[in-house]
Amino acid sequence: MTGTVPLYLESTDTKISNIADYLVTECHRYCQINLKRMTMAESRVIPAITLSVSQERQLAYEGAYKLTVHDSGISLQAGTPAGLFYAVQTLLQLLSMASNSIDMVVLPNLEIVDRPRFSWRGMHLDVSRHFFPVEFIRKYINMLAFHKMNMFHWHLTDDQGWRIEIKRYPRLTEIGAWRKDDGNRYGGFYSQDEIRAIVTYAEERCVTIVPEIEMPGHASAALASYPEYSCTGGPFAVETRWGVFDDVYCPGNKATFTFLENILDEVAGLFPGRYIHIGGDECPKVRWQNHDLCQRLMKDSGLKTENDLQAYFISRLAGHIETLKKSPVGWDEILDGGAPATATIMAWRSMQKGVEAAEAGHDVVMTPMTYCYFDHYQGVADEPKAIGGFTPLQTVYSFEPIPAEFPSAMTSHIIGAQGNVWTEYMADSKHVEYMVFPRLCALSEILWSPRETRSWADFLERLKPHLLRLKARHINYRQLRI
Ligand code: ACM
């Protein structure tokens with residue numbers, strides 16, 4: 001192909017039209033190829049690229065696509081817009097390999113029929129421990145999309161900063177978004193207008209955002225803003241240390257639930273995706289043990305332990321999420337004391353927690369620390385300071401989301417997996433990129449491709465040209481040093 005290449009759309013769907021626009025922009029930016037949207041009548045120039053919706057049975061699966069390169073051009077077909085979007089990503093990869101010569105692109109004739117293995121192909125980002133600008137959130141989402149990942153878990157609240165504007169509770173961002181770091185004011189937050197624009201950007205890339213509002217623990221920033229929803233009444237400061245803190249939301253006070261429900265109402269209005277994550281991890285119980293109102297609630301409700309009180313807390317808010325026509329997600333601690341039946345569980349402490357969740361009938365997203373925590377070290381020497389752990393690229397690539405000897409009748413409960421990026425030791429976006437890439441590349445292959453095709457040696461060979469694609473996208477990836 002040379003010069004300007006025609007791009008035909010055999011569809012009037014606006015989603016597909018947006019995908020075509022995306023292909024035009026990315027092709028120009030990263031493959032130095034000019035595509036021009038035309039109708040068949042406007043141009044008889046060949047070869048052309050054609051995007052079309054197909055009713056073929058093999059393409060009925062969500063995300064499936066067929067990409068054919070033939071003498072008269074390139075054809076991208078899928079049953080759904082998401083499938084066409086993934087076909088576009090594969091085409092961009094092929095073109096970036098082929099476009100070494102400046103004025104001519106040559107691709108061999110080929111046919112690819114492809115579909116994802118898992119429906120939850122996720123990446124998380126903690127924007128509380130460090131705050132990252134809107135531009136970086138967009139870049140991160142775009143890189144997820146480039147790797148055919150479809151879930152962005154946005155960890156928006158924690159002890160060290162509240163990052164989402166809530167109109168009804170302005171102090172959450174007036175106070176809760178800011179902390180004193182070495183005497184300097186540090187922080188930031190995303191306005192609702194910014195969030196709406198990010199949601200649209202993600203939708204155009206077939207990425208669903210899963211917002212996380214942490215509760216009942218990891219609540220220092222919220223309680224610094226509204227101390228009346230704690231057990232002691234405060235006062236509190238937005239945390240400057242990393243860790244787990246004893247002051248958490250007070251379930252003994254009914255008003256705490258109203259406060260959190262009102263927040264969740266605004267969150268549900270901003271994010272069109274199916275899921276809202278309500279945390280549930282690492283909640284100390286000492287304040288509840290020593291608080292009359294909490295103890296009275298336990299007695300009145302027949303709750304024997306503080307774990308039962310946490311289960312009560314989570315199930316009340318999960319119930320509220322369902323009234324908003326959304327599905328709750330929580331970290332695996334919400335299994336302690338019994339999780340609400342409809343909750344999706346993120347197994348982070350171990351794969352075994354995911355097995356227990358699946359056995360109890362929950363959908364499970366596997367995010368075990370040993371494979372999926374990209375805040376861990378990825379090399380033994382000369383690495384920037386990290387929180388701990390050792391999870392090099394090869395370990396990530398060896399991850400298998402379906403546990404060994406897992407009953408095949410239950411595998412449908414494992415809906416996918418996710419990489420988590422806690423940012424205590426990542427002060428800027430370049431550092432996040434260094435920790436995420438190329439580990440994300442390994443995870444994306446695990447989540448997309450059939451298990452039988454996995455080969456470490458082959459992956460390393462394919463990673464080499466892929467790193468050039470990351471370079472073209474100005475990603476500060478970690479060089480291969482294996
Ligand atoms: C977690 O890493 N505390 C979910």
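All values reported here derive from a predicted model rather than from experimental measurement. (Residues numbered from 1 in each chain as written. Predicted model: local features only at pLDDT ≥ 70, side-chain atom pairs only at ≥ 80, totals over all residues. Heavy atoms only, no water.)

### Topic: the state of the cysteines
Between two cysteines, a covalent bond joining their sulfur atoms is known as a disulfide. Considering all chains together, one arrives at zero disulfides under this definition. No disulfide involves cysteine 27; its sulfur sits 4.8 Å from that of cysteine 31, the nearest cysteine. Distance from the sulfur of cysteine 294, which forms no disulfide, to the nearest cysteine sulfur (cysteine 250) is 3.8 Å. (Disulfide = S-S within 2.5 Å.)

### Details of the packing of helix α9 (residues 292-301) against helix α10 (residues 306-323)
Running from N to C, α9 and α10 cross one another at 85°; their axes reach a closest spacing of 11 Å. Classified by the angle between their axes, α9 and α10 sit roughly perpendicular to one another. Contacts between α9 and α10 involve Cys294, Gln295, Leu297, Met298 and Ser301 from the former and Glu306, Leu309 and Tyr312 from the latter. (Axes fitted to C-alpha atoms, helices over the stretch in contact; angles between N-to-C directions. Helix = DSSP H or I, 4+ residues; strand = E, 2+ residues; numbered from the N terminus. Parallel < 35°, antiparallel > 145°, perpendicular 65-115°, else oblique. Contact = heavy atoms within 4.5 Å.)

### Regarding helix α7 (residues 254-270)
Here α7 spans 25 Å end to end across 17 residues, near enough to the 24 Å set by a 1.5 Å rise per residue. Every buried residue of α7 is accounted for by Thr256, Phe257, Phe259, Leu260, Glu261, Asn262, Ile263, Leu264, Glu266, Val267, Ala268 and Leu270. Looking at the buried side of α7, the elements it contacts are β10 (161-162), α4 (171-174), α5 (192-203), β13 (208-215), β14 (275-279) and α10. A distance of 3.0 Å separates the backbone nitrogen of alanine 255 from a side-chain oxygen at the start of α7, and that oxygen is part of asparagine 253. (Expected span 1.5 Å × (residues − 1). Buried < 20%, exposed > 50% of the residue type's maximum accessible area, 1.4 Å probe, protein only. Polar contact = N/O pair within 3.5 Å; in protein donor to acceptor, adjacent residues only side chain to side chain.)

### What about the pairing of strand β5 (residues 73-78)?
Summarising burial for β5: six of the six residues are buried, a large majority. Burial along β5 is two-sided: Gly73, Ser75 and Gln77 and Ile74, Leu76 and Ala78, pointing in opposite directions, are all buried. Across six bridges, strand β3 (residues 48-53) lies against β5 in parallel orientation. When the bridges of β5 are listed, serine 52 appears paired with glutamine 77. In this sheet, β5 lies alongside strand β4 (residues 65-70) in antiparallel orientation, the contact comprising six bridges. Residue tyrosine 65 lies in a different strand from β5, and its bridge partner there is alanine 78. In textbook terms, the turn of a hairpin is the stretch between consecutive antiparallel strands, and for β4 and β5 this stretch comprises two residues. (Pairing = 2+ DSSP bridges.)

### Comments concerning the sheet that holds β13
With parallel pairing, the eight strands of this closed barrel are ordered in space as β7-β8-β13-β14-β15-β16-β17-β18. Here the strands of the sheet are splayed against their neighbours by 30° on average, with no regard to which way each runs. When β13 meets β14, the two strands line up parallel, connected through two bridges. Within β14, the residue paired with methionine 215 across the bridge is glycine 279. Here α10 sits on the sheet in contact with β13, β14 and β15 (327-331), set at roughly 165° to β14.

### What to know about unusual backbone geometry
Here the residue pair methionine 215 and proline 216 is connected by a cis peptide bond, since its omega of -10° sits within 30 degrees of zero. By secondary structure assignment, the location of proline 216 is in the loop between β13 and α6 (220-225). Cis geometry marks the peptide bond from glycine 234 to proline 235; its omega dihedral reads 5°. One can find proline 235 in the loop between α6 and α7. One non-glycine residue, cysteine 206, adopts positive backbone phi at about 60°.

### Quick look at the pairing of strand β11 (residues 178-181)
With four bridges connecting them, β11 and strand β12 (residues 184-187) associate as antiparallel partners. Paired with arginine 179 across the strands is tyrosine 186, a residue of β12. Taken together, β11 and the strand that follows it, β12, pair antiparallel across an intervening segment of two residues, in which aspartate 182 is found at a positive phi of about 50°.

### A short note on the packing of aromatic side chains
Throughout the structure, instances matching the rule amount to 27 aromatic pairs. When the ring of tryptophan 331 is compared with that of tryptophan 422, the centres are 5.7 Å apart and the planes differ by 45°; the resulting orientation is tilted. Placement of tryptophan 331 in strand β15 and of tryptophan 422 in the loop between β18 (414-419) and α14 (429-436) is noted, with a sequence separation of 91 residues between them. Since its relative accessible area comes to 0%, tryptophan 331 is described here as buried. Classification of tryptophan 422 by relative accessible area gives buried; the value is 9%. (Phe/Tyr/Trp six-rings, centres within 6.5 Å; stacked < 30°, edge-to-face > 60°.)

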